[in-house]
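# Report on the structure
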Amino acid sequence: MKFSVLRAFASICMPLFAVTFSFQTSAGDNTDFKPFVFAVLGDCRPERSHSLTQPSIFPVMLKEIDKSPAEFVVMTGDMISGYIDDPKKIDEQWAVFKKACAVLRKPLRLVPGNHDIWNAVSLELYKKRCGEPYYDFTVNGCEFIVLDSEDLRHPAKIAGARLEWLKERLEASKHLKYRFVFIHQPLWHDEKSGWNATVHPLLVKYRIDTVFAGHEHRFADEGRSDGVRYIITGGGGAPLRGGRGIGAYYHYLLAGPTADGVSIKVVEPNSSESKVPQAFAGDQLTRILNSLDYKVPAIYPGEAAKLAIRLKLLNTYDSPLTFHLKLVSPKGSNWTTSDPIVDVTVDPGKSKGVALPIEYGGKNLFPLPKLLTSLEINNLKIYDRTAELNVRFKRRLTIKNAKGRIRIDGKLDEADWKNAPPAGHWFNLTTKHWSEENVELKALRNGRNLFLAFKCQSDKPSSLRKMIHKKDWYIPIEDSVLFVFHSRKLKNSKFVFGISSHGVQSDYLASNKTVGFKWSPKWESAVVRGKDGYVVELALPMSIFEDKPLETLGLRFNAGRMSVSKGRRIYCWCLPLGRINDSRGFGECVFPDGE
């Protein structure tokens, strides 16, 4: 080996515990391999931030591990709550953790988590209490490599000197029968980490058997990728996340390299093994839940419709899987269903399509119906969830021909405005419901201009302070209206216009990635403030649309309103709710025949 017995012993005896370690270093030959068992658990930090009390379940698991065949224990991070500035309090948290670990007489190895290292002070205290945050050791002819996902120079990455160190250790231990890697954050879930592009190929090349991580407070066996097995174990006592069916239960692992492979057993405290079969608690269920992405036809608010919610039920388990689906219409809902409950059993390795019929009465959209979903295997419920139905909506902006002259004065007293159909209420992004305020939108056109009119109710019109003085300034800091037209048939496909409650204009060309404020067309506008709020009226010259007939452009439209006079509220005309200039959620512009 490239490191001596003395170096190996020094790396094992961490400053946190005065324990005599009995690990054996390999002499560099596969004949040194001997089967053995080690324990893994993670995320034992206190439930409350800054707490000094370790979860009560944590020492229970340590006592069980102490009586188990495990020769040593590896913790996958987040031992303390952390995230405080006072070094004395941080040191107190480590002292409490050490006291909680006193029930364990076996060697304990630590992997740093984001609650253990988050700044320079915490890093120095970690080194003082626990030793270096990345290291390796060898036991019975097996290599154990501890990586640091909390490197302050390369957050959530294995890069720079740490990556070079990993390459060195993999090369030095390539002759050993089994190699295991430990890290806190499962960086393979994050493409930005670079794990899948740089680290994973190394693990494949050097035939790493298993990678253990924590961070997610659950158990998940994510299977093998190119021969490398990925395991998440974060049930050491920290607050659980999600349901039992996705592995959110307190547990530890007993792992053991054998002559034929590596055995990994999930053990719940006070039980000989996990009561939930291991296959149910892993990433398999996640894939099934992702397949439940149901499809709902889009509807127009205010127009009655008969719909079918379509789902594709998938079973990747080796036992029949039963899906219980139920549609629930809350009291006062304008949604009804004739067959609200469906039970479907799907055979192993198969899938089935299901359609749930539902009707929308054409009046109020809210409250929306709810979909209850539960899954059972062998009469064991492994998942249960209730969620509001994700209904998709479409909008229409009717633009009629103006028969008379339109004066841009903010009064809207012309007959054409009075006869123009309103585009309907707007959606309140704060409350997630249709706005009860009068936010009325209308549109007209003639051969020279496209006209838009807004009535923006405000119960405190006196608070409409003038904060914007400069054209193309940041409009959302003041009560304002923003509206966007989109057409794929024009050179510049997306046009954004904004106007504040005091009449300051903003305009720019936009895409999903860029904004061009150098564009500055001339358009007419007027704003009138009154006792009920303010009115916006504007005329957009046809030259903006390259003097082409509007009905030939396939125009899409969206609008937003910012209200800051009574707390920050944002309203949007179109659903689904996304960025105001994301054309995927735009409504269609309609030009009535014969106009």
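Note that this is a predicted model, so its numbers are computed, not measured. Along each chain, numbering runs from 1 in the same order as the chain's sequence is written. Residue-level local features of this predicted model are given only where pLDDT is at least 70; pairs of side-chain atoms are given and counted only at 80 or more, and the full residue set underlies all totals for whole chains, interfaces and linings. Note that the side-chain values use all heavy atoms of the structure and ignore hydrogens as well as water.

Strands are runs of DSSP state E lasting at least 2 residues, helices are runs of H or I lasting at least 4, and numbering of each runs from the N terminus. Helices and strands together make up the secondary structure of the chain, namely eight helices and 32 strands. Think of it in three bands: residues with accessible area under 20% of the maximum for their type are buried, residues over 50% are exposed, and the middle band is partly exposed, with areas taken using a 1.4 Å probe on protein chains only. The 595 residues of the chain split such that 54% are buried.

Between rings of Phe, Tyr and Trp, where Trp is taken as its six-membered ring, a pair exists when centres lie within 6.5 Å; planes separated by under 30 degrees are stacked, by over 60 edge-to-face, and by other angles tilted. Inspection of the entire model under this criterion finds 35 aromatic pairs. Between the aromatic rings of F58 and F97, the centroid separation amounts to 5.9 Å while the plane-to-plane angle is 15°, which identifies the pairing as stacked. Highlighted residues: F58 in helix α2 (residues 57-67) and F97 in helix α3 (residues 87-100), separated in sequence by 39 residues. Of the two residues, F58 and F97, both sit in the buried class. Feature note: the residues F36, F38, F72, Y135, F137, F144, Y178, F180, F182 and F212 constitute an aromatic cluster, connected by ring pairs.

Across the sheet, which stays open at both edges, the five strands sit in the order β3-β2-β1-β10-β11 with mixed pairing between neighbours. The open sheet has two edge strands, β3 (108-110) and β11 (262-267), and neither has a second partner. Ignoring strand direction, the axes of neighbouring strands in this sheet form an average angle of 25°. Any two strands with at least two DSSP-identified bridges between them are counted as paired. Where strand β1 (residues 38-41) and strand β2 (residues 73-75) come together, three bridges link them in parallel fashion. Bridge assignment links A39 to a residue of β2, and that residue is V73. Note on definitions: angles span 0 to 180 degrees between N-to-C directions of axes, and those axes are lines fitted to C-alpha atoms, for helices only across the stretch in contact.

Running from N to C, α3 and helix α4 (residues 120-130) cross one another at 35°; their axes reach a closest spacing of 10 Å. You can see that α3 and α4 cross each other, and the crossing is right-handed. Across from P87, I90, D91, W94, A95 and K98 in α3, the residues of α4 making contact are V121, L125, Y126, R129 and C130. Looking at the contact of α3 with α4 residue by residue, the class counts come to eight nonpolar, no polar and three charged. Rotating anticlockwise by less than a right angle from the far helix to the near helix defines a left-handed crossing, while the corresponding clockwise rotation defines a right-handed one. We call two residues contacting when some pair of their heavy atoms lies within 4.5 Å. Residues are grouped as follows: Ala, Val, Leu, Ile, Met, Phe, Trp, Tyr, Cys and Pro are nonpolar; Asp, Glu, Lys and Arg are charged; every other residue, Gly included, is polar.

To continue, consider the confidence of the model for the chain. As a per-residue measure, pLDDT reflects the predictor's confidence and takes values from 0 up to 100. Averaged over all residues, the pLDDT of the chain is 84; the fraction at 70 or higher stands at 86%. Here helix α1 (residues 5-12) stands out as the element of the chain with the lowest mean pLDDT, 31, in contrast to β2, whose mean of 98 is the highest. Low pLDDT (under 50) marks residues 1-29, which in the prediction has 63 contacts with non-local residues, meaning those over four places away or in another chain.

What follows concerns the sheet that holds strand β17 (residues 370-377). Ordered in space as β15-β13-β17-β18, the four strands form an open sheet in which the pairing is antiparallel. Two strands bound the open sheet, and with one partner strand each, they are β15 (341-346) and β18 (380-388). Geometrically, the sheet is characterised by an average inter-axis angle of 15° between neighbouring strands, direction not taken into account. Of the pairings in the sheet, the one linking strand β13 (residues 321-328) to β15 comprises six bridges and is antiparallel in character.

Of the positions making up α2, those classed as buried are I57, F58, M61, L62, E64, I65 and D66. Packing partners of the buried residues in α2 comprise β1, β2, α3, β10 (252-257) and β11.

For Y206, the location among the structural elements is in the loop between α6 (195-205) and β7 (210-213). Judged by its relative accessible area of 10%, Y206 falls in the buried class. Put simply, Y206 and S173 are 33 residues apart on the chain and 8.8 Å apart in space, counted from C-alpha to C-alpha.

So, about the pattern of salt bridges. The working definition used for a salt bridge is a side-chain nitrogen of Lys or Arg within 4 Å of a carboxyl oxygen of Asp or Glu. Under the defined criterion, the tally for this structure stands at 20 salt bridges. The residue D151 makes a salt bridge to R162 at a minimum N-O spacing of 4.0 Å. Of the two residues, D151 is situated in the loop between β5 (142-146) and α5 (160-172) and R162 in helix α5; the sequence distance between them amounts to eleven residues. Judged by relative accessible area, which is 4%, D151 ranks as buried. The partner of E164 in a salt bridge is K167, with the nearest N and O atoms 3.5 Å apart. With E164 and K167 both in helix α5 and three residues apart, this pair spans about one turn of that helix. Judged by relative accessible area, K167 falls into the partly exposed class, the value being 33%. Overlapping salt bridges, with partners in common, bring together D148, D151, R153 and R162 in one network.

Turning our attention to α6. Of the residues making up α6, those classed as buried are W195, V199, H200, L202 and L203. Across the axial projection of α6, the buried residues extend over an arc of 155°, all falling on one side. The exposed residues of α6 that point more than 90 degrees off its buried face are A197 and K205. Looking at the buried residues of α6, the elements they touch are α5, β6 (178-182), β7, β8 (219-225) and β9 (228-233). Arc definition: it is the arc formed by the directions from the helix axis to the C-beta atoms.

For H215, which is not glycine, the phi dihedral falls at a positive 75°. Here H215 lies in the loop between β7 and β8. For H215, a relative accessible area of 24% gives the class partly exposed. Even without glycine at this site, L412 takes up a positive phi of about 55°. L412 gets classed as buried once you look at its relative accessible area, which sits at 13%.

In terms of burial, strand β22 (residues 439-445) is a largely internal element, six of the seven residues being buried. Both β22 and strand β23 (residues 449-457) contribute to a ladder of seven bridges, which runs antiparallel. The residue of β23 that forms the bridge with L444 is F451. Here β22 folds back onto β23, and the loop between the two strands holds three residues.

Attention shifts here to the packing of α5 against α6. The interhelical angle for the contact between α5 and α6, taken along N-to-C directions, is 5°, at an axis separation of 11 Å. Compared by their axis directions, α5 and α6 come out roughly parallel. Along its contact with α5, which presents L163, L166, K167 and L170, the element α6 presents V199, L202 and L203. Its residues placed into classes, the contact of α5 with α6 shows six nonpolar, no polar and one charged. Roughly parallel covers angles under 35 degrees, roughly antiparallel covers those over 145, roughly perpendicular covers 65 to 115, and oblique covers all other angles.

Once that is clear, we can look at the nonpolar core. As used in this record, nonpolar core signifies buried Ala, Val, Leu, Ile, Met, Phe, Trp, Tyr and Cys residues forming a set joined through side-chain atoms within 4.5 Å. Of all hydrophobic cores here, the largest spans 40 residues; its most connected members are F454, F483, F485, L540, F545 and F557. Elements with a minimum of two residues in this core: β19 (396-401), β22, β23, β24 (480-486), β25 (494-500), β29 (533-541) and β30 (556-563). Residues in contact with F454, not counting those within four places in the same chain, are W426, E440, L441, V481, F483, Y534, V535, V536 and A559. Core analysis: the next-biggest nonpolar cluster, separate from the first, contains 37 residues, L321, V344, V354 and I358 among them.

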